[in-house]
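Structural overview for review
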Amino acid sequence: MQSAIVDNSTETRMATKPPWTVYLHDYITTVDHKKIGILYILMALVFLVIGGVEAILIRWQLFWPRADIIPPKLFNQLFTMHGTTMVFFVGMPILIGLGNYFVPLMIGARDMAFPRLNSLGFWATFLGGMIVYFSFLAGDPPDVGWFAYAPLTEKTFSRGIGTDCWATGLLVSGVGTIAGGVNFIATIVGLRAPGMTIGKVPFFVWTILWTSAQIVLAIPPLSAALIMVLLDRHLGAHFFDPQTGGSAYLWQHLFWFFGHPEVYILILPAFGMISEVIPVFSRKVLFGYEFMAAATMGIAFISLGVWAHHMFTVGMSRPMEIGFAASSLLVSIPTGIKMFNWLATMQGGKIRMDSPMLFACGFLGVFVFGGLTGVMLAAVPIDWQVSDSYFVVAHFHTVLIGGTLFATFAGLHYWYPKMTGRMLNERLAKWQFWILLIGFLLTFGPMHISGILGMPRRIYTYPPDRGWDIWNQVATIGALIQAPSFVLFLVNVIGSRWWGKPAGNNPWNAWTLEWATSSPPPAYNFNEVPVVRSRRPLWDLQHPEDPDWKYEGEHA
Amino acid sequence: MRRVSSQQDAEEFRLSLRMEANRRSRRLAQGMELGVKSLSNHLLGCLAITALLLDPSNLWGSESPSIFDPATPQATSIRSLFWLVILITGVIFVGVEGLLAFFLYEYSRKKSDPNAEPAQVYGSIPIEVAWTAVPTLIVFVIVMIVVRIEYEVKADAETIPANSIPLRIRVVGHQWWWEYNYFEYDGKPLSMTTANELVIPVGEEGVARPIMLTLESADVCHSYWVPRLSGKTDLIPGRVNELWFETKLAGDYVGQCAEYCGTQHANMLLHVRAVSPDEFEKWLSDQASPAADDPAVAEGKKVFLSETCVNCHTVQGTPAKGRVGPDLTHLMSRHTIAAGMISNTPENLRDWIHDPQDIKPGCLMPAFRLESSKMDLLVKYLGSLK
């Protein structure tokens, strides 16, 4: 692509500004980790809008009991696509995209370990999304729910092409995700700057490492299960068809063996971003890095052994139920350690409430609530009541929006100046935060109550005599309040790209290596490979009389 | 703050910082202890308000099937566990949010010299150990309580009270209705089938009447959930699950399928009618008798038997033996049709047979669109199935 620009400039008058096709060609063929990161983020934002519109339609239908706005089949297709989109084509890509952009920068590397594999990873994820959404063009989106319980996915019950698109799309995007995971591990293990031992990586890098480990362990079982579904549907296999000796129950185990680590794949990088933002905006070093690091590993390991807590109502044996309840409750301990360490980092600091910190504090305040309702769900008998009810819907949206989304916004606001060289507009960012927070609380707060009042999830309508109307109406209003906050964000992201204040190399006065290079960073990131002696190399540079490396790891 | 002249001074300064940090954290711990006590008082007040809100009879006068309004010992056990966990997590929640708000206020940059960096505290092993150990203890306690409640609630020979008269029913989930086979009551075998409305006897002082459900599915996964009676249990094809509860409170209990099962998952409603033992036994003997055979509706019966109705529906004592749809032998004893969606009136029945897709789009019963005279006869015949 370099030559394309050169050719162009010699033969036309547009010597300084090549036509847009050159940029397009550049982005499509790129193997630069920063451009691939941006592609991931842009793809995720487009799907975020699509998934958001689906959510609004769902909420619209549920505003009145027995409403007749969206027909049942379409409603079921909408919630299936909403869940699938948000998990596979928004959550994971945006986190992998941020990781792609910042992991090499933060460890002082010039690119990912395998740039071509990196490109393959993005395009496979993108193709997967296209295949799943092709089902809309084919006139039959999947309506099996995002966890697609067998035997609903068998040909007998889903005759159309939707389920095939769903399974094939996730299979293909899974290949991309695994490629990304492998690449992160190789990059973090092999390409750290001289002096940056594995115990000195920035915390975001550490969480990406463990997320990648989970990706490599959890996605292959899903891929295998999806292949089994496709074999059932097209080659007459009977893995999940009980009529012919298959097991519907087996699918649940296979899916959740992927599905539960998946939610930690979505939350660990969020923890990582929070652990970058809180120290910088409190002007303090991260409290208890070693314990935080150990807690991350703890979560990564424990989360591989908790999957059956999604299945407390299937009639498991008592020892299984108690075992999985205990392991699920155990996850709350490392998560709690993180929460306390973040608070301790803020304690005694000088807190600056810029937009990244605002989102980080929103994360702390909301995520703790989602974590605690998680404790309720892990207590088996409570789960018998609230499982598959709106209480669960409220719980996981609280952890995914309050957790992953708020943290991602913290990260995006924190790193946008590095990616573009321009600052985001703080006023718009603050409006966005408060509108999102209020809308979020109004949407998902009432869902806890409708769940407790007996409303199951995934129903396209409900009888008028259940006392659920008011809670659904508040939730729908909340969703409508949330919507403009995303518009503000997109306006801010697009507008600031051209009209934002110039950022300079290190606008937040932060301490990790990505802030040592220009904004946006040049191709290959660093002119000289930096030498690192502590977890905050830029602090050491700013405070040569009192560098971190004198104190790290010696506290008692 | 961090400006120090020599190496040695730096060490001393570092030491003093650490001591200050320790002092602070100790003060913090004491403060939290006091705070928790007064908070727990406040929290009880908040809980009372929440309880008022969650009790549907106080609120809208509706019939919410609230899990906080249990009618069986099983659902009551779960409610008490829920309150306990809400209390424990509530204290943690208020503590964390309070601390967050306090820190944001106390350490706001505006309050101090904005240029100097604050003291850097890298961590503290004793503090980390403390906030690992305390949650571990809490988790341990919750697990113990969970085990206890688990034994209280789940089906098990020894949890079923002695001196009880069990009613055993096989529940089969279908897309999108419920089949009930009553097969044993008071030790005596039964053989009768009904659909969508479960009628059960209440227990009395000294005599429990546990309802033992065997859960199976004819097609995809479903889940049986009547919140005021018990937690949910799935109906999974190829597996047999069990669920039991008992109640002393007569009344109507509603619920619905809680595992997504396809297009009309939303309208797979559950109705349970708990009645006195006498009333139940009368109902049982009515149900066990063959279908009414009223000569006045013989014409309608002919329509019923000559149309494809019989492929899917059963009417005991006639050649209609289909098992794909609900058993219609005593259709008129049911209050609703279409799995609880609409009330069982002749007009509704007529509309339903004319085109079920209009009422319940996607359901598996085709539209009949009979000519009006035939429809009159058919509805009259069905109306005779008392």
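Below, the structure is looked at part by part. (Residues numbered from 1 in each chain as written. Chains lettered and ligands numbered in written order. Predicted model: local features only at pLDDT ≥ 70, side-chain atom pairs only at ≥ 80, totals over all residues. Heavy atoms only, no water.)

All names here are of chain B. Counted residue by residue, strand β4 (residues 197-201) has five buried out of five residues, so it is predominantly covered. Neither face of β4 is left uncovered, since the one carrying Glu197, Val199 and Pro201 and the one carrying Leu198 and Ile200 both have all their residues buried. Judged from the five bridges that link them, β4 and strand β10 (residues 269-275) form a sheet pairing that is parallel. Counterpart to Glu197 in the pairing with β10 is His271. (Buried < 20%, exposed > 50% of the residue type's maximum accessible area, 1.4 Å probe, protein only. Helix = DSSP H or I, 4+ residues; strand = E, 2+ residues; numbered from the N terminus. Pairing = 2+ DSSP bridges.)

Residues and elements named next belong to chain A. In this structure the tally under the stated criterion is 25 salt bridges over all chains. Salt-bridge contacts for Lys34 lead to Asp32; the nearest nitrogen and oxygen are separated by 3.5 Å. In this structure, Lys34 and Asp32 share a single accessibility class: buried. The salt bridge involving Glu426 is made with Lys430; its shortest N-O contact spans 3.6 Å. Highlighted residues: Glu426 and Lys430, both in helix α14 (residues 426-452), separated by four residues, approximately one helical turn. The exposure class assigned to Lys430 is partly exposed, which follows from its relative accessible area of 31%. (Salt bridge = Lys/Arg side-chain N within 4 Å of Asp/Glu carboxyl O.)

Right, let's talk about the sheet that holds β10 of chain B for a bit. All names here are of chain B. Taken together, the three strands give an open sheet; going across it, the order is β4-β10-β9, and neighbouring strands pair in mixed fashion. Sheet topology places β4 and β9 (251-256) at the edges, where each strand pairs with a single neighbour. Within this sheet the neighbouring strands show an average axis-to-axis angle of 20 degrees, counted without direction. Contacts between helix α5 (residues 277-288) and the sheet are confined to β4 and β10, with β4 contributing the most and set at about 130 degrees to the helix. (Axes fitted to C-alpha atoms, helices over the stretch in contact; angles between N-to-C directions. Contact = heavy atoms within 4.5 Å.)

What follows is about the packing of aromatic side chains. In this structure the tally under the stated criterion is 66 aromatic pairs over all chains. Seen in terms of ring centroids, Trp146 of chain A and Phe255 of chain A are 5.4 Å apart; in terms of plane orientation they differ by 75 degrees. Their pairing is edge-to-face. Linking Trp146 of chain A in the loop between α5 (115-137) and α6 (162-190) with Phe255 of chain A in helix α8 (residues 248-282), this pair joins segments that are 109 residues apart in sequence. Like Phe255 of chain A, Trp146 of chain A is buried. When the ring of Trp178 of chain B is compared with that of Tyr224 of chain B, the centres are 5.3 Å apart and the planes differ by 80 degrees; the resulting orientation is edge-to-face. With Trp178 of chain B in strand β2 (residues 177-185) and Tyr224 of chain B in strand β6 (residues 222-224), this pair connects stretches of sequence that are 46 residues apart. (Phe/Tyr/Trp six-rings, centres within 6.5 Å; stacked < 30°, edge-to-face > 60°.)

Let us now look at the sheet that holds strand β8 (residues 241-245) of chain B. Residues and elements named next belong to chain B. The strand order β3-β2-β1-β5-β8 describes an open sheet built from five strands, whose pairing is mixed. Two strands bound the open sheet, and with one partner strand each, they are β3 (188-195) and β8. When strand polarity is set aside, the average angle formed by the axes of neighbouring strands in this sheet is 20 degrees. Where β2 meets β3, six bridges bridge the pair, whose relative direction is antiparallel. Looking at β3, one finds that Glu184 is bridged to Pro189.

As a further point, take the interface of chain A and chain B. Accessible area lost upon the coming together of the parts is a frequently used measure of interface size. With 107 residues of chain A at the interface, the matching set in chain B holds 100 residues. Buried surface at the junction of chain A and chain B, summed over both partners, amounts to about 9,100 Å²; 65% is from carbon and sulfur atoms. When the area that chain A buries against chain B is broken down by residue, the three leading residues are Arg318, Lys350 and Gln385 of chain A, summing to 9%. At the junction of chain A with chain B, the criterion picks out two salt bridges. (Buried area = accessible area lost by both parts, 1.4 Å probe.)

Take the environment of Ile470 of chain A next. Considering the arrangement of structural elements, one finds Ile470 of chain A in helix α15 (residues 469-499). Separated by 406 residues in the primary sequence, Ile470 of chain A and Trp64 of chain A have C-alpha atoms spaced 8.9 Å apart.

Bringing unusual backbone geometry into the picture now. Cis rather than trans, the peptide bond between Ala150 of chain A and Pro151 of chain A has omega equal to 0 degrees. Mapped onto the elements, Pro151 of chain A comes out in the loop between α5 and α6. A positive phi angle is found at Arg66 of chain A, which is not glycine, with a value near 55 degrees. If you trace the backbone, Arg66 of chain A turns up in the loop between α3 (33-61) and α4 (72-106). On the basis of relative accessibility, which here comes to 29%, the residue Arg66 of chain A falls in the partly exposed class. With a phi angle near 55 degrees, Ala339 of chain B is a residue other than glycine that sits in the positive phi range. Within the secondary structure layout, Ala339 of chain B lies in the loop between β11 (336-337) and β12 (342-343).

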